[in-house]
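Chain and residue survey
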Amino acid sequence: MKPFAWNYARPAELAPVIDQYSYDSTLQLNVLPDGRPAVSDRTLLAAVGTTTSTAGSATHFDD
Amino acid sequence: MTVLILTCEQDVTADMVVAQLHRRGVPLVRFDPADLPGEGALSAEYVRGEFRGYLSTGGRVVSMDGLRSIWVRRPGEPAAHAAEPSEWLTAESGQALYGVLECTGARWMNERDAAAKARLKPWQLRLAHHSGFPVPATVVTTYPRVARQFAEQYRHVVVKAVSGKPPGEPPMALPTTLVPPDTDFSDVAAGPTLLQRYIAKRADIRLTAVGDRLFAARKPAEPGQVDGRYGDTGHTWEPVEVQPRVERSVALYRKLAGLAYGAFDFAEDSEGTWWFLECNQGGQFGFIELETGQPIADAVAEWLGAPGECA
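Bear in mind the structure is a predicted one, so any value in this text is a computation, not a measurement.

Quick look at the overall build of chain A
A tally of regular secondary structure across chain A gives one helix and three strands. The N-to-C order of helical and strand elements in chain A reads β-β-β-α. Looking at the 63 residues of chain A, the share that counts as buried comes to 27%. Within chain A, counting contacts between residues at least 6 apart in sequence, those at least 24 apart form 18% of the total.

Quick notes on the sheet that holds strand β4 (residues 50-57) of chain B
Residues and elements named next belong to chain B. Taken together, the three strands give an open sheet; going across it, the order is β3-β4-β5, and neighbouring strands pair in antiparallel fashion. Strand pairing shows two members of the sheet lacking a second neighbour, β3 (40-47) and β5 (60-63), which therefore form its edges. In this sheet, neighbouring strand axes are inclined to one another by 15° on average, regardless of whether the strands run parallel or antiparallel. Strands β3 and β4 of the sheet are contacted by helix α2 (residues 87-101), whose axis makes an angle of about 55° with β3.

Topic: the domain arrangement of chain B
Residues and elements named next belong to chain B. The domain boundaries assigned to chain B delineate domain 1 (2-109), domain 2 (116-133 + 200-294) and domain 3 (138-197). The C-alpha centroid of domain 3 is placed 22 Å from the C-alpha centroid of domain 2. Residue-level contacts link seven residues of domain 2 with nine residues of domain 3. Of the residues belonging to the side of domain 2 that touches domain 3, the class tally is four nonpolar, no polar and three charged.

A word on the environment of A:R36
Residues and elements named next belong to chain A. Here R36 lies in the loop between β3 (29-31) and α1 (42-48). Take R36: there are 11 C-beta atoms within 10 Å of it, and that puts it in the exposed class. Here the alpha-carbon distance between R36 and Y21, two residues 15 residues apart in the chain, equals 9.4 Å.

Let's talk about the sheet that holds strand β8 (residues 138-141) of chain B
Residues and elements named next belong to chain B. Taken in spatial order, the four strands of this open sheet run β8-β12-β9-β11, and their pairing is antiparallel. Each having just a single partner strand, β8 and β11 (177-178) make up the two edges of the open sheet. Here strand β9 (residues 157-160) runs beside strand β12 (residues 193-197); their pairing, made up of four bridges, is antiparallel. Among the inter-strand pairings, V157 is bridged to a residue of β12, identified as R197.

A word on the confidence of the model for chain A
Residues and elements named next belong to chain A. Summarising the model, chain A shows a mean pLDDT of 82, and 84% of its residues fall at 70 or more. By mean pLDDT, α1 is the weakest element of chain A at 86, and β3 is the strongest at 96. Every residue in residues 56-61 scores below 50 in pLDDT, and together they form ten contacts with partners more than four places removed in sequence or on other chains.

Brief notes about the environment of B:G224
Note on placement: B:G224 falls in the loop between β14 (213-220) and β15 (238-239). Spatially, the C-alpha atoms of B:G224 and B:V210 are 31 Å apart, while their sequence positions differ by 14 residues.

With respect to the environment of B:A79
All names here are of chain B. Note that A79 resides in the loop between β6 (67-74) and α2. The spatial distance from the C-alpha of A79 to the C-alpha of A301 is 27 Å, given a sequence separation of 222 residues. Setting aside residues no more than four positions away along its own chain, A79 makes contact with L36, P37, P85, L89, T90 and S93.

Considerations on the interface of chain A and chain B
Across the contact, 34 residues belong to chain A and 41 residues belong to chain B. The set of elements that each furnish at least two residues to the side of chain A that touches chain B consists of β1 (10-11), β3 and α1 of chain A. For the side of chain A that touches chain B, the leading source of residues is α1(A), giving three residues. By the bridge criterion, two bridges tie β1(A) to strand β10 (residues 172-173) of chain B in an arrangement that is antiparallel. Note that in β10(B) the partner of A:R10 across the bridge is B:A173.

Side note on helix α1 (residues 12-24) of chain B
Residues and elements named next belong to chain B. End to end, α1 covers 18 Å across 13 residues, agreeing with the expected 18 Å (1.5 Å per residue, within 8%). Of all 13 residues in α1, ten are buried, a share of seventy percent or more. Turning to α1, its buried residues number three or more, namely V12, T13, A14, D15, M16, V17, V18, A19, Q20 and L21. Positive phi shows up at G25, right after α1, with a value of about 75°.

Comments concerning the UniProt feature "domain: MvdD-like pre-ATP grasp" (unreviewed entry) in chain B
The feature "domain: MvdD-like pre-ATP grasp" (unreviewed entry), as annotated in UniProt, sits at residues 2-111 of chain B in this numbering. Secondary structure across residues 2-111 of chain B comprises 25% helix and 37% strand; the distance between its end C-alpha atoms is 17 Å.

Points about the confidence of the model for chain B
On average, residues of chain B carry a pLDDT of 94, and 99% of them reach 70 or more. Reported confidence for the predicted complex is 0.88 by ipTM and 0.93 by pTM.

Quick word on unusual backbone geometry
All names here are of chain B. Residue P37 is bonded to the preceding L36 through a cis peptide linkage, with omega at 0°. Mapped onto the fold, P37 is located in the loop between β2 (28-31) and β3. Located in the positive-phi region is R48, a residue other than glycine, with phi close to 45°. Within the fold, R48 resides in the loop between β3 and β4. With a phi angle near 65°, R155 is a residue other than glycine that sits in the positive phi range. With respect to the secondary-structure elements, R155 resides in the loop between α5 (144-154) and β9. R155 sits in the exposed class, given 9 other C-beta atoms within 10 Å.

Cut-offs applied
- Residues numbered from 1 in each chain as written.
- Chains lettered and ligands numbered in written order.
- Predicted model: local features only at pLDDT ≥ 70, side-chain atom pairs only at ≥ 80, totals over all residues.
- Helix = DSSP H or I, 4+ residues; strand = E, 2+ residues; numbered from the N terminus.
- Buried ≥ 20, exposed ≤ 12 C-beta atoms within 10 Å, placed from the backbone.
- Contact = placed C-beta atoms within 7 Å.
- Pairing = 2+ DSSP bridges.
- Axes fitted to C-alpha atoms, helices over the stretch in contact; angles between N-to-C directions.
- Domains from an automatic or database assignment.
- Nonpolar A, V, L, I, M, F, W, Y, C, P; charged D, E, K, R; others polar.
- pLDDT = per-residue confidence, 0-100.
- Expected span 1.5 Å × (residues − 1).
- UniProt positions renumbered as here; feature names shortened; annotations may be inferred.

Here it is in structure tokens:
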């Protein structure tokens, strides 16, 4: 027997593989290949979905 | 005085705040507890009633005395990146890090005890009621009979996870889901189940509270849509005005919960009433800012960068 709520579970969307930006420890934020902060490209952020309410990390679930 | 941001490298929502802190000229250190020990290091000494010491990461060193605020954003599990990780090392590293940070006079967004309590859904609903929000009828039970009676009483009920999405592989999601008629509730005995009266909504509301500053956004719902986080309806989030009554309730909720930050979810019914669904003490806000243009990251930066007494 499994918990009732589990009957309504479904596979989660896989976290996107992000290769459009990488962490810069000097600036302490993620940067694009041309060195600009990733947050300057709002279209990209929206497209990769990493700021959405279903994008919690493995250690966070209350988005 | 420095802002300490506890989060992982991949957290671009934190980047939005880091960029604003840079713009404001506020010193910051971004530290992932997963890097302790290793890339991250700490040392603190107990001297005459006080712990004094420092944290370091990425070549930066910050004195415990020099912290003005601590933002608990998306910290990794302590010691997760250690050469030889273990549950014990995680416990040791977590106790050392947070134990020392709790000795500082820094303001927290959010206080860890408050954050832990704020995650408890039944407590949220009670607090919401006492804060003046309308709250849908809800039951948490392991009795199939009770669940069945609740469903019969309200006819349209949803099931949602009590704690959040389940851990493990493969990754699974538990969207809030309408329970079909004639459902067999016998599995309720296998685990606490949260059922809630379904609110037929015309819109989802996400209200982000950053200190006293409120940013409310509204997204129209499709008929029958239950969980606004799932399914692309083609609608977008738009800024919406906060009624004074809601403003007062949010302020009271934050005060009672001891939260500096909270992301409130409401269902707006056909009469325009905002029904409290939950308040996520660490809820995402980047997607709202990207769609509405509301300056939430700057508000977080302002709160973190403000001088002042510890909360």
